[in-house]
Amino acid sequence: MRHPAGRKIPVLNGVLPDRERSMVTDKFIKAGGFATRIRQYGFDTADEGQADERPVIILLHGYLESLNVWDDFAPMLRDYRVVTMDIPGHGISEVHGDIHTMAMMAQVVTGVADNLGIGKFWIMGHSMGGYVASELLSAAPEKLAGIIMFHSTPNADTEEKKQNRLREIDLVEAGKKDLLAKTVDKGFAAVNRRKFGDFIEDLRELVVLTDEQGIINLLRGMMERADHNDTFRQSTVPQLFIMGELDEYIPLETAKSLEESHPQARFEYLAASGHMGFVEEPVISAGIILDFISRV
């Protein structure tokens, strides 16, 4: 289904008032062997001292991002308990060894959920976060109420993509991480780059601050990830793919081909977004997500 720019979503009431937006807590959790920073958003919660029994959505950020990218978007999912995290290797979560496989990162997610006493939950992964979510669908489908792939696919890396990642590793090892920072604007549709210039600058600064070994470890992990197309086709877990019509990383033709091969999944398209729809078209994106969850 295509969602034209400017379409109004009736299920949303807009940005939360300050008293609800302020109910945000950060802490570190040991999960999957990694010290992992998490953030929880508590809007419209029960009386103080009572357990939060709302359905849980865990949001996973993409490559060269951190949990901070969700700060404006998470409040739009106001009827749910939202948990975000720094995927180890990014943000200020821990870095181990010389590779962070997507399977290892999926174990971190389940560890976070277990630590927080969460049973079933919705998982949403942006780009690389979707690769982690795919591993979770494969390894622990019983934990998932549903999976949302935001500008992401179940595909393994092509040989060309692996070579590109090796070049990025070479840049980081050569101390040229700043060159990666200069490419983050490609995540936005060309028509949106001026509008979201401040966000792009924040992302560039984040790349510069990201641990070099963390970047390398996650690049190696993405290179070695498995193809999970059959995992999705064979799964009974509800599935939503959100794609951008102006995405330079996942061209519209590629997204449409993926849709044809996954009749079990719901596909939605953002007309005015590149690879960052939760920033470029946040209200429409949140409306799609809430509508999908409400129908399961």
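Preceding block: the structure.
**Q** Mind showing me how you'd approach the overall build of the protein here?
**A** Along the backbone of the protein there are eleven helices and nine strands. The contacts in the protein between residues at least 6 apart in sequence include a share of 77% that link residues at least 24 apart. Taken as a whole, the protein presents about 12900 Å² of accessible surface, with 49% of it coming from carbon and sulfur.

**Q** So what exactly am I meant to see when it comes to the pairing of strand β8 (residues 239-244) here?
**A** Looking down a regular strand, the side chains alternate between one sheet face and the other. Most of β8 is tucked away: six of the six residues are buried. Along β8, one buried face is formed by Q239, F241 and M243 and the opposite face, lined by L240, I242 and G244, is buried too. Inspection of the sheet shows strand β7 (residues 144-150) paired to β8 by four bridges, in the parallel sense. In the strand pairing of β8, F150 is matched with I242. As defined by bridge partners, β8 adjoins strand β9 (residues 266-270) across five bridges and the pair is classed as parallel. Each residue of the ladder has a partner; that of F241, found in β9, is F267. In this fold, the crossover linking β8 to β9 by way of helix α9 (residues 252-261) has right-handed handedness.

**Q** Help me understand the packing of aromatic side chains, please; the structure alone is not making it clear to me.
**A** What describes a pair of aromatic rings is the distance from one ring centre to the other and the angle between the planes of the rings. Throughout the structure, instances matching the rule amount to nine aromatic pairs. Aromatic pair W70 and F73: ring centres 6.1 Å apart, planes at 45 degrees, arrangement tilted. Summarising the burial analysis for this pair, W70 and F73 share the class buried. Between the aromatic rings of W70 and F278, the centroid separation amounts to 4.5 Å while the plane-to-plane angle is 35 degrees, which identifies the pairing as tilted. Note that W70 is positioned in the loop between β4 (56-60) and β5 (81-85) and F278 in helix α10 (residues 277-280), a separation of 208 residues in sequence. Taken as a pair, W70 and F278 share a single burial class, namely buried. Ring pairs connect the aromatic residues W70, F73, F150 and F278, which therefore count as one cluster.

**Q** I keep staring at the nonpolar core and nothing clicks. Help me out?
**A** Here is a general trend for soluble globular proteins: nonpolar side chains tend to be buried in one another's company. Grouped together as the largest cluster of nonpolar side chains are 88 residues, with contacts concentrated most on I58, F73, L77, V109, F121, I123 and I289. Setting aside chain neighbours within four positions, we find V109 in contact with I58, L60, M85, F121, I123, V132 and L136.

**Q** Quick question: what am I supposed to make of unusual backbone geometry here?
**A** With phi around 55 degrees, S127 is a residue other than glycine that occupies positive phi space. Within the secondary structure layout, S127 lies in the loop between β6 (121-126) and α3 (128-139). The backbone of H151 sits at a positive phi, close to 55 degrees, despite the residue not being glycine. Within the fold, H151 resides in the loop between β7 and α4 (159-173). With relative accessibility at 1%, the residue H151 sits in the buried group.

**Q** Would you mind showing me how to read the layout of surface pockets here?
**A** Empty pockets left among the atoms are what a rolling probe the size of a water molecule brings to light. Its volume calculated, the largest pocket comes out at about 1000 Å³. Taken together, 37 residues make up the lining of the largest pocket; nearest its centre are S127, Y131, K161, R165 and Y249. Of all elements in the fold, only α3, α4 and α5 (177-181) reach the threshold of two or more residues within the lining of the largest pocket. In terms of residue count, the dominant contributor to the lining of the largest pocket is α4 (six residues). For the lining of the largest pocket, a count of residues per class yields 15 nonpolar, 13 polar and nine charged.

**Q** Would you mind going over the side chain of H90 with me for this structure?
**A** Structurally, H90 is set in the loop between β5 and α2 (102-115). Given a relative accessible area of 0%, H90 falls into the buried group. From its side chain, H90 meets the backbone nitrogen of L64 in a polar contact 2.8 Å long.

Rules used in this analysis
- Residues numbered from 1 in each chain as written.
- Predicted model: local features only at pLDDT ≥ 70, side-chain atom pairs only at ≥ 80, totals over all residues.
- Heavy atoms only, no water.
- Helix = DSSP H or I, 4+ residues; strand = E, 2+ residues; numbered from the N terminus.
- Contact = heavy atoms within 4.5 Å.
- Areas by Shrake-Rupley, 256 points an atom, 1.4 Å probe, with all protein chains shown as cover.
- Buried < 20%, exposed > 50% of the residue type's maximum accessible area, 1.4 Å probe, protein only.
- Pairing = 2+ DSSP bridges.
- Right-handed = clockwise from strand over helix to strand, strands pointing away.
- Phe/Tyr/Trp six-rings, centres within 6.5 Å; stacked < 30°, edge-to-face > 60°.
- Core = buried A, V, L, I, M, F, W, Y, C linked by side-chain atoms within 4.5 Å.
- 1 Å grid on protein atoms, 1.4 Å probe; cavity = no way out; pocket = protein on both sides within 12 Å on 5 of 7 lines; lining within 4 Å.
- Points joined across faces, edges and corners; volume = space filled by probe spheres on them.
- Nonpolar A, V, L, I, M, F, W, Y, C, P; charged D, E, K, R; others polar.
- Polar contact = N/O pair within 3.5 Å; in protein donor to acceptor, adjacent residues only side chain to side chain.

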